[in-house]
Amino acid sequence: MPVPLPVLLLGVTAVARLLGFLAVPALDSWHDAARVGIAAVYLLAASGRLIPRVRQDLERMVPPRLPRPDLLVAGTGILELAGAIGLLVPATAPAAAVCLGLLTLALTPANISAARRGVPFGGEPPTPIGRRLVEQALYLGALAVVVWLPY
């Protein structure tokens, strides 16, 4: 079973911060550690589009009234990948964080729709709406750290 995204975020952020504290000057702030942690989340999310079963699950999550779920899933994957790479470049990190925050907010209704319609993901029942919203808030909080916490 893959690592849940909130665990990945917190774990990678903690390891990056520890590395910064011990020996890696480029990670010697919570801002930089958060950049790496949230980038890991979006890199993993984007990589799911390459796995046929995951891609199919994501396409089923797209609300039925929207056209071409295949293109929407591919497009959001490209945006997640670009944003994750942008987070890893200090000069583009704030802009990438804002863009990923907007993308996350834009995708939230699809997550809610999928939960209400009972769309399974990875053979598991959909994540309950309350838990999903807490997870979204965690990602948005990490992105806010990248935008507003000083280096």
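Residues numbered from 1 in each chain as written. Predicted model: local features only at pLDDT ≥ 70, side-chain atom pairs only at ≥ 80, totals over all residues. Heavy atoms only, no water.

Explain the pattern of salt bridges to me, and be specific about the residues and the numbers.
Per the stated rule, a full pass over the model turns up seven salt bridges. Between Arg35 and Asp32 there is a salt bridge whose closest N-O contact spans 3.1 Å. With Arg35 and Asp32 both in helix H2 (residues 30-47) and three residues apart, this pair spans about one turn of that helix. With respect to class, Arg35 is no different from Asp32; both count as buried. Note that Glu135 and Arg132 form a salt bridge whose closest N and O atoms lie 2.9 Å from each other. In this pair, Glu135 and Arg132 are both assigned in helix H6 (residues 129-148), three residues apart and thus about one turn of the helix distant. The two residues Glu135 and Arg132 agree in class, both being buried. Each of Arg131, Arg132 and Glu135 takes part in a single network of salt bridges with overlapping partners. (Salt bridge = Lys/Arg side-chain N within 4 Å of Asp/Glu carboxyl O. Helix = DSSP H or I, 4+ residues; strand = E, 2+ residues; numbered from the N terminus. Buried < 20%, exposed > 50% of the residue type's maximum accessible area, 1.4 Å probe, protein only.)

So, the layout of surface pockets: which residues are in play, and what are the values?
Considered as a void within the structure, the largest pocket measures approximately 1500 Å³ in volume. Contributing elements (two or more residues each) for the lining of the largest pocket: helix H1 (5-22), H2, helix H3 (52-61), helix H4 (69-88), helix H5 (93-117) and H6. The greatest single-element share of the lining of the largest pocket, amounting to nine residues, is contributed by H5. Classifying every residue of the lining of the largest pocket gives 32 nonpolar, eight polar and eight charged. (1 Å grid on protein atoms, 1.4 Å probe; cavity = no way out; pocket = protein on both sides within 12 Å on 5 of 7 lines; lining within 4 Å. Points joined across faces, edges and corners; volume = space filled by probe spheres on them. Nonpolar A, V, L, I, M, F, W, Y, C, P; charged D, E, K, R; others polar.)

Residue-level account of H1, with values.
If you check H1, its first and last C-alpha atoms are 25 Å apart, about what 18 residues at 1.5 Å a residue would give, namely 26 Å. Residues Pro6, Leu8, Leu9, Thr13, Ala16, Arg17 and Gly20 constitute the buried set of H1. One face of H1 carries all of its buried residues, which in axial projection span an arc of 160°. Structurally, H1 contributes buried residues whose contacts are with H2 and H6. (Expected span 1.5 Å × (residues − 1). Arc of directions from axis to C-beta. Contact = heavy atoms within 4.5 Å.)

These results come straight from atomic positions and should not be treated as a statement about function.
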